[in-house]
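The chain contents come next:
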Amino acid sequence: MGIMSKIISGGGQHSTDEYVDLDVDGIDTSRGEAGMSVRIAKISGQQDVVAIKDAVYDGDLVIADITRHTTSDSTMEHIIDDLRQVAEEVDGDIAQKGDDQIIISPTGVGVARQKLN
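Residues numbered from 1 in each chain as written. Predicted model: local features only at pLDDT ≥ 70, side-chain atom pairs only at ≥ 80, totals over all residues. Heavy atoms only, no water.

Helix and strand content of the chain: three helices and four strands. Here the chain, with 117 residues, has 30% of them falling under the buried criterion. Taking contacts inside the chain between residues at least 6 apart in sequence as the whole, the part at least 24 apart equals 50%. As presented, the chain carries roughly 8200 Å² of accessible surface, and 48% of it is formed by carbon and sulfur atoms. (Helix = DSSP H or I, 4+ residues; strand = E, 2+ residues; numbered from the N terminus. Buried < 20%, exposed > 50% of the residue type's maximum accessible area, 1.4 Å probe, protein only. Contact = heavy atoms within 4.5 Å. Areas by Shrake-Rupley, 256 points an atom, 1.4 Å probe, with all protein chains shown as cover.)

See the structure below:
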């Protein structure tokens, strides 16, 4: 199972204990405060959209797991419309990756539609 699968898979709240620090020997890891964070979310229902909207309005990029829904589900269609509106309001972007993820980006961040390899 890949790291992204572990991050966005299955049940409940995730804590920072579940994230793996990569070995960065020889790399200067000191940094200033980040201007944007990448946030991971799971959409189980309409109530989950509020936190995602807040994160995007605050300037964060959100990768949302939608595996519990089909994109033809009327609830999911409404959720996607809400998130599309947020992306338009902040001049960001929104894209769906496969049947399991939606990426919503903040102001000035586009989501490339082409894979790197």
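From this point, the narrative continues.
A positive phi angle is found at D91, which is not glycine, with a value near 60 degrees. For D91, the location among the structural elements is in the loop between α3 (74–89) and β3 (93–97).

Take the sheet that holds strand β1 (residues 38–42) next. The strand order β1-β2-β4-β3 describes an open sheet built from four strands, whose pairing is mixed. Two strands lie at the open edges of the sheet, namely β1 and β3, each paired on one side alone. Neighbour-to-neighbour, the strand axes of the sheet open up by a mean angle of 20 degrees, direction not taken into account. With five bridges connecting them, β3 and strand β4 (residues 101–105) associate as antiparallel partners. Bridge pairing in β4 places K97 opposite Q101. Sitting on the sheet, α3 is in contact with β3 and β4, with an inclination near 145 degrees to β3. (Pairing = 2+ DSSP bridges. Axes fitted to C-alpha atoms, helices over the stretch in contact; angles between N-to-C directions.)

On to the layout of surface pockets, then. Empty space within the second largest pocket amounts to approximately 360 Å³. Lining the second largest pocket are 15 residues, with K97, I103, V111, A112 and Q114 positioned closest to its centre. For the lining of the second largest pocket, the element with the highest residue contribution is β3, accounting for three residues. Classifying every residue of the lining of the second largest pocket gives seven nonpolar, five polar and three charged. (1 Å grid on protein atoms, 1.4 Å probe; cavity = no way out; pocket = protein on both sides within 12 Å on 5 of 7 lines; lining within 4 Å. Points joined across faces, edges and corners; volume = space filled by probe spheres on them. Nonpolar A, V, L, I, M, F, W, Y, C, P; charged D, E, K, R; others polar.)

For β1 and strand β2 (residues 61–65), the ladder comprises five bridges, and the chain directions are parallel. Counted as the bridge partner of K42 is D65 from β2. Handedness of the β-α-β unit built from β1, helix α2 (residues 49–57) and β2 comes out right-handed. (Right-handed = clockwise from strand over helix to strand, strands pointing away.)

All right, on to α2 then. For α2, every residue scored as buried is listed here: V49, I52, A55 and V56. Take α2 and look down its axis: the buried residues cluster within an arc of 125 degrees, on one side only. Every exposed residue of α2 that faces more than 90 degrees away from the buried side is listed here: V50 and A51. The inward-facing, buried residues of α2 contact β1, β2, α3 and β4. Looking at the residues trailing α2, positive phi occurs at G59, about 100 degrees. (Arc of directions from axis to C-beta.)

Quick look at the side chain of D82 now. Its place among the elements puts D82 in helix α3. Here D82 is buried and forms no salt bridge, its nearest opposite-charge partner K53 lying at an N-O distance of 4.4 Å. Residues in contact with D82, not counting those within four places in the same chain, are Q46, V49 and K53. (Lys, Arg positive; Asp, Glu negative; His and termini not counted. Salt bridge = Lys/Arg side-chain N within 4 Å of Asp/Glu carboxyl O.)

Honestly, that's just the spatial picture; any functional story needs more than this.
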